Amino acid sequence: MSEILFQYYPVRLTTWFYLASLLSIALFFKFNRVWSVRNLDLLGLVLLAPGLVALEYVGETESVKIAARTLGFAWIFAVSGAFLVRMLFDSMMVRRPLLEPNLTTGGLVFLGSSLLVFLLANIVNSKPQKQDVESVAAAARLRDPAAQRDGSAQRDADQLARYGPGYPLLFLLPQVSTQRFLANADPGPDEAARRAIYETTARVMAILSQLAIVAGMVVIGWKHFESVKLGIAAAVLYLLLPYTAWMNSSVDHVLPGALVLWAVVAYRRPFVAGSLLGLAIGTIYYPVFLLPLWCSFYWERGVRRFAAGVGTALLALVAALWLTSPDTAVFLGQLRQMFGWIFPSDVSLEGFWALPSSDGVFRLPVLAAFIAMMATLAIWPSPKNLGTLMSCTAAVLLGTQFWKAHNGGLFMAWWLPVLLLVVFRPNLENRVALLMLDAEWFPRRRASTAPPGRAA
């Protein structure tokens, strides 16, 4: 942006936390109803940022840095736990008065567009992290037959294991961060050309994913909430959050969030919703725990179409792996990583569970509690409406962060857009699959009828 705006300097995360928090409170805090749930939600969203600031703190000694990271993860887990409880009880909140933002629709559009332009400009001008460039090189060597012969492929596979379950082709794309910068030796001509391709692809995918998230929130407000202003307000709040400014260009953060969000947009088309959710599962694995919840939502109508969409998307991703793998051994290893075929006790821990003050054995009871929660949400409440589907989706994706072995708690883009829409949503009790979905695979055009009424 310095090439366009005179003496423009990127805003640091701490500075953005102060400015964005004040602006968010000015725009969305209901001063005439101080103790409303909306205000508590807003304060919780603001309180996510101090944990991120603590994780970015660089102390004078290693012990100070470890203490700051411990505090940061503990803070994020505490706030995320509060939001998890909030999402679990959201379906019980029947009275949902309309609380619009303290700004006109035109003002929200102008502010959101300006924030989006700066966000995308920061993605274009950001640099990759050193460790991610090294992992990109490791992922590329896995497809080199020479690397298979000299034994370096196994070392590369071990290096890529730090990412955890996910789609191996996604690991070819480095994280380009606006906060951390690459400090590495100049690469050779071939390596520089390959790196430029991967970095450009990562930026393009991050930009498209961010645009998809913003557009999806607006479409949900327009189509499902019958209020485009609520969708725009949720999108503006998403763009204001310090997390969005910090991890705006990490594809493994924003791409799964965009796919899950658009599955909600397309909930009236079970095959399309299933295909999008299948792509999210194949991309980062953890949305697989949404399947019982979504199958329960479609159980009365549409479950076969939904399952067919999930299966089609996964088969397409597996076929792409097969076509890009140099041999069967590499294909099977990448398939194992894609579907997370590994015992919880065998994973390499990174983030909170790797801190000296954390014991990895306590991760297993957390995982058991998560599985119990996931099974409960598949059964109760029944039948599920769109509001329940959204809040429970956010709860499941929130729950994965507590036991995720690789930087759990930091992948907020998976659940944050859906949670923001839950915060702003009206009453959606009449949006159930039996009433909103067609019974046939290829529905005929219906006669013009008035849409279901919207409760206050």
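Residues numbered from 1 in each chain as written. Predicted model: local features only at pLDDT ≥ 70, side-chain atom pairs only at ≥ 80, totals over all residues. Heavy atoms only, no water.

The residue after Trp-380, namely Pro-381, is reached through a cis peptide bond having omega -5°. Here Pro-381 lies in the loop between α16 (363-379) and α17 (386-403). Geometrically, the link from Ser-382 to Pro-383 is a cis peptide bond, its omega value of -5° lying close to zero. Looking at the element boundaries, Pro-383 is found in the loop between α16 and α17. Of note, the phi angle at Glu-226 is positive, near 60°, even though the residue is not glycine. Locating Glu-226 in the fold gives a position in the loop between α8 (189-223) and α9 (228-240). Taking relative accessible area as the criterion, Glu-226 reaches 36% and is therefore assigned partly exposed. Phi at Asn-407 is positive, roughly 55°, even though this residue is not glycine. For Asn-407, the position within the fold is in the loop between α17 and α18 (416-424). (Helix = DSSP H or I, 4+ residues; strand = E, 2+ residues; numbered from the N terminus. Buried < 20%, exposed > 50% of the residue type's maximum accessible area, 1.4 Å probe, protein only.)

Counted under the stated rule, the structure contains five salt bridges. Across the pair Arg-425 and Asp-90 runs a salt bridge, and its minimum N-O distance is 2.9 Å. Highlighted residues: Arg-425 in the loop between α18 and α19 (433-436) and Asp-90 in the loop between α3 (62-88) and α4 (105-124), separated in sequence by 335 residues. Like Asp-90, Arg-425 is buried. In this structure, a network of salt bridges that share partners links the residues Asp-41, Arg-86, Asp-90 and Arg-425. (Salt bridge = Lys/Arg side-chain N within 4 Å of Asp/Glu carboxyl O.)

So, on to the packing of helix α2 (residues 37-56) against α18. Relative orientation of the contacting elements α2 and α18 amounts to 160°, with a least axis distance of 10 Å. Our classification of the angle between α2 and α18 gives roughly antiparallel. The crossing of α2 and α18 is left-handed. Here Arg-38, Asp-41 and Leu-45 of α2 come into contact with α18, specifically with Leu-416, Leu-419, Leu-420, Val-423 and Phe-424. Grouping the constituent residues of the contact of α2 with α18 by class yields six nonpolar, no polar and two charged. (Axes fitted to C-alpha atoms, helices over the stretch in contact; angles between N-to-C directions. Parallel < 35°, antiparallel > 145°, perpendicular 65-115°, else oblique. Left-handed = near helix turned anticlockwise from the far one by under 90°. Contact = heavy atoms within 4.5 Å. Nonpolar A, V, L, I, M, F, W, Y, C, P; charged D, E, K, R; others polar.)

Looking now at the nonpolar core. Ranked by size, the top nonpolar core spans 121 residues in total, and within it Trp-294 and Tyr-298 carry the most contacts. Per-element tally for this core: the top contributor is α17, with eleven residues. Apart from residues no more than four positions distant in its own chain, Trp-294 is found in contact with Ala-263, Val-264, Ala-273, Leu-277, Phe-306, Leu-389 and Thr-393. (Core = buried A, V, L, I, M, F, W, Y, C linked by side-chain atoms within 4.5 Å.)

Take the side chain of Asn-385 next. By the element assignment, Asn-385 lies in the loop between α16 and α17. Judged by relative accessible area, which is 12%, Asn-385 ranks as buried. Among the polar contacts made by the side chain of Asn-385, one reaches the main-chain amide nitrogen of Gly-387 at a distance of 2.9 Å. In contact with Asn-385, not counting residues within four places along its chain, are Phe-297, Leu-428, Glu-429, Arg-431 and Val-432. (Polar contact = N/O pair within 3.5 Å; in protein donor to acceptor, adjacent residues only side chain to side chain.)

Attention now goes to the packing of aromatic side chains. Considering all chains together, one arrives at 21 aromatic pairs under this definition. Measuring from centroid to centroid gives 5.9 Å for Tyr-285 and Phe-289, while their planes differ by 80°, and the two rings are edge-to-face. In this structure Tyr-285 comes out as buried when scored by relative accessible area, which is 16%. The class of Phe-289 is buried, set by a relative accessible area of 12%. Here Trp-322 and Phe-331 contribute two aromatic rings whose centre-to-centre distance is 5.0 Å and whose plane-to-plane angle is 85°, an arrangement assigned as edge-to-face. (Phe/Tyr/Trp six-rings, centres within 6.5 Å; stacked < 30°, edge-to-face > 60°.)

A grouping of Val-85, Phe-89, Met-92, Ile-379 and Trp-380 is seen on the molecular surface, where their side chains present a nonpolar patch of about 540 Å² in accessible area. Examined against the element boundaries, Trp-380 turns out to sit in the loop between α16 and α17. (Patch = residues over 30% accessible without salt bridge, like charges linked within 9 Å, V, L, I, M, F, W, Y side chains within 5 Å. Areas by Shrake-Rupley, 256 points an atom, 1.4 Å probe, with all protein chains shown as cover.)

Taken together, the buried positions of helix α15 (residues 328-338) are Val-330, Phe-331, Gln-334, Leu-335, Gln-337 and Met-338. For α15, the angular spread of buried residues about the axis comes to 160°, placing them on one side. Phi turns positive, to about 65°, at Gly-340, one or two residues after α15. (Arc of directions from axis to C-beta.)

The next subject is α18. Among the nine residues of α18, nine are classified as buried, and the element is accordingly described as predominantly covered. Those residues of α18 that fall on the buried side of the exposure criterion are Leu-416, Pro-417, Val-418, Leu-419, Leu-420, Leu-421, Val-422, Val-423 and Phe-424.

This part is about the confidence of the model for the protein chain. Across the protein chain, the average pLDDT comes to 82, with 80% of residues at or above 70. Every residue in residues 148-153 scores below 50 in pLDDT, and together they form nine contacts with partners more than four places removed in sequence or on other chains. (pLDDT = per-residue confidence, 0-100.)

Turning next to the packing of α2 against α3. α3 packs onto α2 with a crossing angle of 160° between their chain directions and a minimal axis gap of 7 Å. The orientation of α2 with respect to α3, classified from their angle, is roughly antiparallel. Both α2 and α3 take part in a crossing whose hand is left-handed. Contacts between α2 and α3 involve Val-37, Asp-41, Gly-44, Leu-45, Leu-47, Leu-48, Pro-50, Gly-51, Leu-52, Ala-54 and Leu-55 from the former and Ala-68, Arg-69, Gly-72, Phe-73, Trp-75, Ile-76, Val-79, Ser-80, Phe-83 and Arg-86 from the latter. A per-class count over the contact of α2 with α3 returns 14 nonpolar, four polar and three charged.

What follows covers the environment of Glu-226. Note: C-alpha distance between Glu-226 and Pro-426 (200 residues apart in sequence) is 9.0 Å. Within the structure, the side chain of Glu-226 is placed 3.1 Å from the side chain of Arg-431, a separation counted as a polar contact.

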